[in-house]
Amino acid sequence: DNAVETSGSYEKYVIFNGVRYSHIIDPRTGYPAKGVVSVSVFAKQTEIADALATGIFVLGVEVGLDLVNQLKGIECIIVDDKGKIHSSKGIDIKKFE
């Protein structure tokens, strides 16, 4: 009855002159999205989870979490480019550490 979708740059990326470039493009800049390595979205519908995962990846941690925290029945876990794990308000990530 639920779906989990993940968008990430942990498999498809290139390092050029010491800079890591993702295959996920930020349409606002035309360049690869930065600051996030993985986004997993939990929702009732796969299509919604999939679209949100990529969108949140591009939006970044702060804006992405703000968006998800306003959506009923949607939760997410974000791993930033420093390896820090962030979660939406409905997920208590600390109990899994």
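(A) Representation of the packing of aromatic side chains in the model. Scanning the entire structure with this criterion turns up zero aromatic pairs. Of note, R20 hangs over the ring of Y13, and the distance from its end group to the ring centre comes to 3.9 Å.

(B) Quick peek at helix α2 (residues 61-68). Three or more residues of α2 are buried, namely V61, G64, L65 and V68. The buried side chains of α2 occupy one side of the element, clustering within an arc of 95° when seen end-on. Packing partners of the buried residues in α2 comprise β6 (36-43), α1 (46-59), β7 (75-80) and β8 (85-87).

(C) How the structure looks around the side chain of H86. Checked against the element boundaries, H86 lands in strand β8. What H86 contacts, discounting residues up to four positions off in sequence, is V61, L65, C76, I77, I78 and D80.

(D) Structural view of α1. For α1, spanning 14 residues, the distance from its first C-alpha to its last is 20 Å, which sits close to the expected 20 Å at 1.5 Å a residue. G60 occupies a position one or two residues after α1 and carries a positive phi of about 95°.

(E) Looking closely at the nonpolar core. Membership of the largest hydrophobic core comes to 18 residues, with the highest contact counts inside it found for V39, V41, I56 and I78. Taken together, the elements giving at least two residues each to this core come down to β6, α1, α2 and β7. Per element, the largest residue contribution to this core is six residues, and it comes from α1.

(F) Expanded view of the packing of α1 against α2. The contact between α1 and α2 brings their axes to 6 Å, and the two run at 140°. Comparing the axis directions of α1 and α2 gives the class oblique. Mapping the contact onto sequence places L52, I56 and L59 in α1 and V63, G64, L67 and V68 in α2. Tallied by class, the residues present in the contact of α1 with α2 amount to six nonpolar, one polar and no charged.

(G) Structural detail: the confidence of the model for the protein chain. Of the residues in the protein chain, 98% reach a pLDDT of 70 or more, and the chain-wide mean stands at 92. Confidence, expressed as mean pLDDT per element, reaches its minimum in the protein chain at strand β3 (residues 19-22) with 85 and its maximum at α2 with 98.

What counts and how
- Residues numbered from 1 in each chain as written.
- Predicted model: local features only at pLDDT ≥ 70, side-chain atom pairs only at ≥ 80, totals over all residues.
- Heavy atoms only, no water.
- Phe/Tyr/Trp six-rings, centres within 6.5 Å; stacked < 30°, edge-to-face > 60°.
- Lys NZ or Arg CZ within 6 Å of the ring centre and 35° of its normal.
- Buried < 20%, exposed > 50% of the residue type's maximum accessible area, 1.4 Å probe, protein only.
- Helix = DSSP H or I, 4+ residues; strand = E, 2+ residues; numbered from the N terminus.
- Arc of directions from axis to C-beta.
- Contact = heavy atoms within 4.5 Å.
- Expected span 1.5 Å × (residues − 1).
- Core = buried A, V, L, I, M, F, W, Y, C linked by side-chain atoms within 4.5 Å.
- Axes fitted to C-alpha atoms, helices over the stretch in contact; angles between N-to-C directions.
- Parallel < 35°, antiparallel > 145°, perpendicular 65-115°, else oblique.
- Nonpolar A, V, L, I, M, F, W, Y, C, P; charged D, E, K, R; others polar.
- pLDDT = per-residue confidence, 0-100.

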